[in-house]
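Analysis of the macromolecular model
Each chain is listed here by its residues.
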Amino acid sequence: MQPLDRPFTMGQLLTLQFDTVTVLIYGKRYDIPVSASEHQLLTTVAQDEVVLLPVNFERTRLLLDISDTSSQLERELNEFTDTEESVTDLLKEGV
C-alpha cells in the first residue's frame, strides 16, 4: 500500500479475485492488482452489501491507508450519499 500523495476517487467493489479486485468508478470497470494482505482485508469487507474503496486517480492501485480524518476522503464519500449530513458523522453514529 502506498501513502496518499495525489488525488484519488472512490470505487465500488464488484468482484474480488485472488490477485485483483474489480471496482466500478463512474460506470466503468477497472481491474486493480492486490497484494495478499489487501486480499485478506478485502475478503472480510466484501461481505457487506456495498463497499467503497479509495483508488488512485490513475485507477491502478488501491489506497487503503488513507487517514479517516482526510478532508478529501470525506468529500469523495459525500458524493455517494443523498443526505446533507456528513458521512463522517453517519459513520460515528453507526449508520
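Placed above this text is the structure.
Bear in mind that the values here come from a model prediction, so they are computed numbers and not experimental data. (Residues numbered from 1 in each chain as written. Predicted model: local features only at pLDDT ≥ 70, side-chain atom pairs only at ≥ 80, totals over all residues. Heavy atoms only, no water.)

1. Structural notes on the sheet that holds strand β3 (residues 28–33)
- Spatially, four strands are ordered β3-β2-β1-β4 in an open sheet, and the strand pairing comes out antiparallel. The strands lining the two open edges of the sheet, one partner per strand, are β3 and β4 (52–56). Mean inter-strand twist for the sheet, computed between neighbouring axes without regard to direction, equals 45°.
- The pairing of strand β2 (residues 20–25) with β3 spans six bridges and is classified as antiparallel. Bridge pairing in β3 links Thr-20 to Pro-33.
- Packing of helix α1 (residues 36–45) onto the sheet brings it into contact with β1 (8–16), β2, β3 and β4, and relative to β1 it is tilted by some 75°. (Pairing = 2+ DSSP bridges. Helix = DSSP H or I, 4+ residues; strand = E, 2+ residues; numbered from the N terminus. Axes fitted to C-alpha atoms, helices over the stretch in contact; angles between N-to-C directions. Contact = heavy atoms within 4.5 Å.)

2. A look at the nonpolar core
- Counting 11 residues, the largest nonpolar core consists of Leu-13, Val-21, Val-23, Ile-25, Ile-32, Val-34, Leu-42, Val-51, Leu-53, Val-55 and Leu-62.
- Only β2 and β4 provide two or more residues apiece to this core.
- Considering each element in turn, this core owes the most residues, three residues, to β2.
- Apart from residues lying up to four places away in sequence, Val-55 is in contact with Phe-8, Thr-9, Gly-11, Val-23, Ile-25, Ile-32, Arg-61, Leu-62 and Leu-63. (Core = buried A, V, L, I, M, F, W, Y, C linked by side-chain atoms within 4.5 Å. Buried < 20%, exposed > 50% of the residue type's maximum accessible area, 1.4 Å probe, protein only.)

3. Quick look at the environment of Leu-13
- By the secondary structure assignment, Leu-13 is in strand β1.
- Owing to a relative accessible area of 12%, Leu-13 belongs among the buried residues under this scheme.
- It is 6.8 Å that separates the C-alpha atoms of Leu-13 and Leu-53, two residues lying 40 residues apart in sequence.
- Dropping the residues within four chain positions of it, Leu-13 is found in contact with Val-21, Thr-22, Val-23, Leu-42, Ala-46, Val-51 and Leu-53.

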